[in-house]
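Fold and geometry: a report
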Amino acid sequence: MKSDIKLIDKEGKRLDGRKRDELRPIKIEVGPLYRADGSCYIEWGGNKILAAVYGPREALPRHIQHPLRAVVNARYNMASFSVEDRKRPGPDRRSTEISKVISEALEYVILTEQFPRAMIDINIEVLDAEAGTRCAGLTAAAVALADAGIPMRDIPVACAAGKIDGQVVLDLGKEEDNFGEADLPVAIAPRTDEIILLQMDGHLTVKEFDEAIELAIKGAHVVSELQKKALLAKYAVAKEVKQ
Ligand code: ADP
């Protein structure tokens, strides 16, 4: 959406003071939920999101079972109090779409063939939303999967880039998402840089598109280090206690 609102000032600073290639502050906590097999709480800018993993367990009802691999079922949900105007509770087109793309991205890295006829449920609950929730949700879900001990080829991670005031920038905030020209969420398997989720809202030239992908992947690598640090913070302590 085009608008007259200035999103980048004369010094190149964005509305929240960030530079073009700067992420919002991110905090990741591993295992906050007692009953889930794996869980993660993430704060990413103004987003607050919980991810909980259950499984692998027998897929029921039986007709959803796959004889050769596990079924991965991610469910993205936004709490009605997570946005400014109360959101109507329950699934809608947007949450169905986000659940689908996140399920497919995570299924790609999980070693599903190790669990025939099983299902892995991933619940992503957005408690506070401030743009970029699908990236933050996927990032939290990946940590929750690792916390559940589910074997994966890599720990996936996501980050968006976009275009505001004619410039390609990293990790759009709420106003930037509302009044900017494009948003490009990207998820990768960071060891190989394989892209496992790519969506685009708005318009970019081919050159801007390449620039945005490169910037999003760079940002995703920074987030990937935070994921690993959070997992080590939990499991390094657990190992020490055991010895
Ligand atoms: P993402 O959260 O992945 O960026 P969108 O681009 O669809 O996904 O949404 C951008 C932001 O718009 C969300 O993070 C949220 O802050 C806001 N938003 C989304 N859906 C609603 C809604 N139904 N009501 C109010 N705000 C919403």
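Note: the structure precedes this text.
Residues numbered from 1 in each chain as written. Predicted model: local features only at pLDDT ≥ 70, side-chain atom pairs only at ≥ 80, totals over all residues. Heavy atoms only, no water.

Turning our eyes to something else, we now look at the site of the ligand. Around the ligand, a shell composed of Met-78, Val-83, Lys-87, Arg-94, Ala-129, Glu-130, Ala-131, Gly-132, Thr-133, Arg-134, Lys-174 and Asp-177 is seen. Here Ala-131 contributes a backbone N or O atom positioned 2.8 Å from an oxygen atom of the ligand. Summarising the interface, the protein chains cover 76% of the accessible area of the ligand, which totals 540 Å² for the free molecule. Here the ligand is seated within the largest pocket. Mapped by element, the contributors of at least two residues to the shell around the ligand are α2 (133-147) and α3 (174-179). In the shell around the ligand, the residues fall into four nonpolar, two polar and six charged. (Near = heavy atom within 4 Å. Polar contact = N/O pair within 3.5 Å; in protein donor to acceptor, adjacent residues only side chain to side chain. Areas by Shrake-Rupley, 256 points an atom, 1.4 Å probe, with all protein chains shown as cover. 1 Å grid on protein atoms, 1.4 Å probe; cavity = no way out; pocket = protein on both sides within 12 Å on 5 of 7 lines; lining within 4 Å. Sits in = over half its atoms within 2 Å of the grid points. Helix = DSSP H or I, 4+ residues; strand = E, 2+ residues; numbered from the N terminus. Nonpolar A, V, L, I, M, F, W, Y, C, P; charged D, E, K, R; others polar.)

Strand order in the open sheet made by the five strands is β1-β2-β3-β5-β4, with mixed pairing throughout. Because the sheet does not close on itself, it has two edges, and the strands there are β1 (26-30) and β4 (71-78). With strand direction ignored, the average angle separating the axes of adjacent strands in the sheet is 15 degrees. In the sheet, β1 pairs with strand β2 (residues 38-44) via five bridges, with the strands oriented antiparallel. If you follow Lys-27 over to β2, its bridge partner there is Glu-43. Taken strand by strand, helix α1 (residues 93-109) contacts β4 and β5 (118-128), and its axis lies near 145 degrees from that of β4. α2 rests against β1, β2, β3 (47-58), β4 and β5 of the sheet, and its axis sits at about 150 degrees to β2. (Pairing = 2+ DSSP bridges. Axes fitted to C-alpha atoms, helices over the stretch in contact; angles between N-to-C directions. Contact = heavy atoms within 4.5 Å.)

We now examine α1. Compared with the 24 Å implied by 1.5 Å per residue over 17 residues, the 25 Å span of α1 between its first and last C-alpha is a close match. On its buried face, α1 is in contact with β4, β5, α2, β8 (182-189) and β9 (194-198). (Expected span 1.5 Å × (residues − 1).)

A few words on unusual backbone geometry. The omega torsion of the bond from Gly-55 to Pro-56 falls at 0 degrees, within 30 degrees of zero and hence cis. Mapped onto the secondary structure, Pro-56 falls in strand β3. A cis geometry characterises the amide bond from Leu-60 onward to Pro-61, with omega recorded as -5 degrees. Secondary-structure assignment places Pro-61 in the loop between β3 and β4. Backbone geometry places Asp-171, a non-glycine residue, at a positive phi of 55 degrees. Position of Asp-171 relative to the elements: it lies in the loop between β7 (167-170) and α3. Its relative accessible area of 2% is what places Asp-171 among the buried residues. (Buried < 20%, exposed > 50% of the residue type's maximum accessible area, 1.4 Å probe, protein only.)

Keep in mind these numbers describe shape, not what the thing actually does.
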